[in-house]
Amino acid sequence: MSLTEPIAVRADAPVVLDVPPTHLELTWRPLHVGDADALYGLMAAIEEADRVPERTSRELAHEVFVGGWKDMRRDSLGGFDHEGDLRAYALVEVRPGDEHVVRAFLSGGVHPQWRGRGLGRAVLAWLEGRGRQKLVEIGKERPARLAAFVQESARDQRRLYAAAGFSPIRWYTSMRRDLSLPVPTVRPPSGVRIVRWSPELDELARVAHNTAFADHWGSEPQTVESWRHDPHHFAPSWSFLALDATAAEPTVVGYALSGRYEQDWDVQGFRSGYTDLLGVLPQWRGRGLAGVLLARTMNAYKRSRMQYAGLDVDNANPTGAYGLYERWGYQPTHGSVLYSVEL
């Protein structure tokens, strides 16, 4: 399909989006914030059955409903059994900052006890249909993508997406670094000062992030609202900014922002600090600044008695991040795959 055609043609959105059929024995309706605890319980059951190494906390389940750009009445669906228990869910999200490729992120799941009845296919069909509708409604005449992240080891889910016409287009690796090993002592490059993250500098960090990731595949600008840090898991004391010491006004040239995900520790068998975002402005690369920021975060984790440092990396990151992390002692633990339909 040619990108010269309008998104309304490329997306081929259904005019009417039907909920999964009644013979699947669930009653369907949109989710609302009052369903957050039920959604958490369903996600926990799914993640336990699938042995997912990174778990959704109750707070993260509540965050699903946060964001002024979200329309839960139209972009979510829950399947409830005759006792009123949530047994399946579907969520579609298009983030507000997308400029180059408009992405509809699809996520959903079925309770383990309700699998094998065709619910997974029905949920995915609804997700795809609503995703196509959403891309048309956004109205941005840009390349578009239906996107879903799947655990690399989740063969059943991968087959489900493949059967629906989705293709694996990008691979990501989760890595960890043993903090019982010495952390190299490295100094910031000339003209750079490292400071701890602060709310006053956060907008500058957002701007720096958008610049640093502008050349990364799949990255789109973060708006002020979508940049909002998760108040339950963001770790300011583990987060650092690199400032241009020669500038008259504060200027962020690099950053390492961390999270504390205690819900993962029992499952993984160790305590860890997680580097959610690490970036350096293009003109400041090649000076060892990323390593300096990594060392600061590792030492902060160690002071908090964490056993490992963790992060995720795009295997094809254009800055060679995977090799950098290997040199700093990070080792792969598991992976995920981005499945997509390109429109």
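Below: a short report on this structure.

### Considerations on the overall build of the chain
A count of helical and extended segments in the chain gives ten helices and twelve strands. Relative to the compact-globule value of 20 Å for 343 residues, the chain shows a C-alpha radius of gyration of 21 Å, a close match. Considering only C-alpha atoms, the chain reaches an extent of 65 × 50 × 35 Å along its principal axes. Approximately 16700 Å² of the chain is accessible, and the part contributed by carbon and sulfur atoms is 50%. A distance of 5 Å separates the average location of the 40 positive side-chain charges in the chain from that of its 43 negative side-chain charges.

### Concerning the layout of surface pockets
Quantified by volume, the second largest pocket comes out at close to 150 Å³. Around the second largest pocket, the lining is made up of 15 residues, and of these Arg176, Gln268, Phe270, Thr333 and His334 lie nearest the centre. Those elements that place two or more of their residues in the lining of the second largest pocket are strand S6 (167–178), helix H8 (265–268), strand S10 (272–280), strand S11 (308–314) and strand S12 (331–342). Its residues assigned to classes, the lining of the second largest pocket shows seven nonpolar, six polar and two charged.

### Examining the pairing of S10
Buried residues dominate S10, accounting for seven of its nine residues. Here strand S9 (residues 252–259) pairs with S10 via six bridges, running antiparallel. Paired with Ala256 across the two strands is Leu278, which belongs to S10. As defined by bridge partners, S10 adjoins S11 across four bridges and the pair is classed as parallel. Each residue of the ladder has a partner; that of Thr275, found in S11, is Leu311. With helix H9 (residues 289–303) bridging S10 and the parallel S11, this β-α-β connection has right-handed handedness.

### Section: the environment of Val15
Mapped onto the fold, Val15 is located in the loop between helix H1 (7–11) and strand S1 (27–29). Once the C-alpha coordinates of Val15 and Glu225 are considered, the two residues, 210 residues apart in sequence, prove to be 31 Å apart.

### Brief notes about the packing of aromatic side chains
Applying the stated criterion to the full structure yields nine aromatic pairs. With a centroid separation of 5.7 Å and 65 degrees between ring planes, the pair formed by Phe149 and Tyr172 is classed as edge-to-face. With Phe149 in strand S5 (residues 144–151) and Tyr172 in strand S6, this pair connects stretches of sequence that are 23 residues apart. Take Phe149: its relative accessible area is 46%, and that puts it in the partly exposed class. Overall, the relative accessible area of 17% leaves Tyr172 in the buried class. Feature note: the residues Phe105, Phe149 and Tyr172 constitute an aromatic cluster, connected by ring pairs. The ring of Phe105 has Arg95 sitting right over it, with the charged end atom 4.3 Å from the ring centre. The ring of Tyr308 has Arg176 lying over it, and the distance from NZ or CZ to the ring centre is 4.2 Å.

### A short note on the pattern of salt bridges
Within the structure shown, the criterion is met by 22 salt bridges. The partner of Asp75 in a salt bridge is Lys134, and the shortest N-O contact between them spans 2.6 Å. Separated by 59 residues along the polypeptide, Asp75 in helix H4 (residues 72–75) and Lys134 in helix H5 (residues 119–138) bring together distant segments of the chain. Summarising the burial analysis for this pair, Asp75 and Lys134 share the class buried. Residue Glu262 is joined to Arg260 by a salt bridge in which the shortest nitrogen-to-oxygen separation is 2.7 Å. Each of Arg74, Asp75, Arg130, Lys134 and Glu137 takes part in salt bridges that share partners, so that together they form one network.

### Here's the deal with the sheet that holds S5
Within the open sheet, the twelve strands sit side by side as S1-S2-S3-S4-S5-S12-S6-S11-S10-S9-S8-S7. Their pairing is mixed. The sheet terminates laterally at S1 and strand S7 (192–196), the two strands that pair on one side only. Between one strand axis and the next, the sheet turns through 20 degrees on average, direction left out of account. Along the sheet face, helix H6 (residues 155–163) touches strand S4 (102–110), S5, S6 and S12 and points at about 160 degrees away from the line of S5. Strand contacts of H9: S6, S7, strand S8 (240–244), S9, S10 and S11, with the helix running at about 160 degrees to S10, the strand carrying the most contacts.

### Regarding the side chain of Ser272
On the secondary structure map, Ser272 appears in strand S10. The buried category is assigned to Ser272, whose relative accessible area is 7%. When residues no more than four places from it in sequence are discounted, the contact partners of Ser272 are Trp238, Trp265, Met306 and Tyr308.

Calculation criteria
Residues numbered from 1 in each chain as written. Predicted model: local features only at pLDDT ≥ 70, side-chain atom pairs only at ≥ 80, totals over all residues. Heavy atoms only, no water. Helix = DSSP H or I, 4+ residues; strand = E, 2+ residues; numbered from the N terminus. Rg over C-alpha atoms; globule rule 2.2 N^0.38 Å. Areas by Shrake-Rupley, 256 points an atom, 1.4 Å probe, with all protein chains shown as cover. Lys, Arg positive; Asp, Glu negative; His and termini not counted. Charge placed at Lys NZ, Arg CZ, Asp CG, Glu CD. 1 Å grid on protein atoms, 1.4 Å probe; cavity = no way out; pocket = protein on both sides within 12 Å on 5 of 7 lines; lining within 4 Å. Points joined across faces, edges and corners; volume = space filled by probe spheres on them. Nonpolar A, V, L, I, M, F, W, Y, C, P; charged D, E, K, R; others polar. Buried < 20%, exposed > 50% of the residue type's maximum accessible area, 1.4 Å probe, protein only. Pairing = 2+ DSSP bridges. Right-handed = clockwise from strand over helix to strand, strands pointing away. Phe/Tyr/Trp six-rings, centres within 6.5 Å; stacked < 30°, edge-to-face > 60°. Lys NZ or Arg CZ within 6 Å of the ring centre and 35° of its normal. Salt bridge = Lys/Arg side-chain N within 4 Å of Asp/Glu carboxyl O. Axes fitted to C-alpha atoms, helices over the stretch in contact; angles between N-to-C directions. Contact = heavy atoms within 4.5 Å.

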